[in-house]
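Spelled out, the chains give:
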Amino acid sequence: VKAMRPYSSKIFDVHLMISPVDPYLEAFAAAGADIITAHPEAGPHFHRTLQVIRKLGKKTGAALNPSTHADVLDPVLEELDLILVMSVNPGFGGQKFIESQLRKIEAIRAKLDRANLKTILEVDGGIVPGNARAVISAGATALVAGSAIFGKGAHRYAAEIAALRGG
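Residues numbered from 1 in each chain as written. Predicted model: local features only at pLDDT ≥ 70, side-chain atom pairs only at ≥ 80, totals over all residues. Heavy atoms only, no water.

Participant: Hey, could you run me through helix 3 (residues 101-114) in this one?
Facilitator: Given 3.6 residues per helical turn, the α-helix brings residues three or four places apart onto the same face. The end-to-end C-alpha separation of helix 3 is 20 Å, in line with the 20 Å expected for 14 residues at 1.5 Å each. Burial in helix 3 covers these residues: Q101, L102, K104, I105, I108, R109, K111 and L112. Next to the buried residues of helix 3 lie strand 3 (59-64), strand 4 (82-86), strand 5 (120-124) and helix 4 (129-138). Downstream of helix 3 by a residue or two, N116 has a phi angle that is positive, lying close to 55°. (Helix = DSSP H or I, 4+ residues; strand = E, 2+ residues; numbered from the N terminus. Expected span 1.5 Å × (residues − 1). Buried < 20%, exposed > 50% of the residue type's maximum accessible area, 1.4 Å probe, protein only. Contact = heavy atoms within 4.5 Å.)

Participant: What's the story with the pairing of strand 5 in this structure? I'm lost.
Facilitator: The side chains of a regular strand alternate, first on one face of the sheet and then on the other. Pairing analysis gives five bridges linking strand 4 to strand 5, with the strands arranged parallel. Paired with V85 across the bridge in strand 5 is V123. As for the winding sense of the linkage, the β-α-β connection from strand 4 through helix 3 to strand 5 is right-handed. As defined by bridge partners, strand 5 adjoins strand 6 (residues 142-144) across three bridges and the pair is classed as parallel. When the sheet's bridge partners are listed, E122 is paired in strand 6 with A142. Between strand 5 and its parallel partner strand 6, the chain crosses via helix 4, and the hand of that crossover is right-handed. (Pairing = 2+ DSSP bridges. Right-handed = clockwise from strand over helix to strand, strands pointing away.)

Written out as structure tokens, the structure reads:
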């Protein structure tokens, strides 16, 4: 993040899948992260983690692994700028989308809509042109695609992004 920050004014959304997460928040904020996303399981007091991120002047995010239930966010829902639904088990690229995560995305979208929150609902893992529309229809507002774009070479980037967008 620190090495790239001088070269871009784009939003840097960092997903910290580390435990414990709290000792690293200040370093990522200082390095130039704009949004810091942590897992509720990555520390003993997730609400406190979010408070620290906000005190550092950054936007807050919560990441949910496939086996983490959406209800874990209920106590902090209004504190979040971003919710990241992991639709694969984190660890390596190129995994297949876990279909059951569509129901989690729908459940989170319903919670956000009931509370009239404009929280970004991001989905990461196994996103390909064949499922992007379903993920968006379930309520996602941001998609993360790695292998679907970068796996076919630089000459295919634009075409793969267009395919994800349905074009």
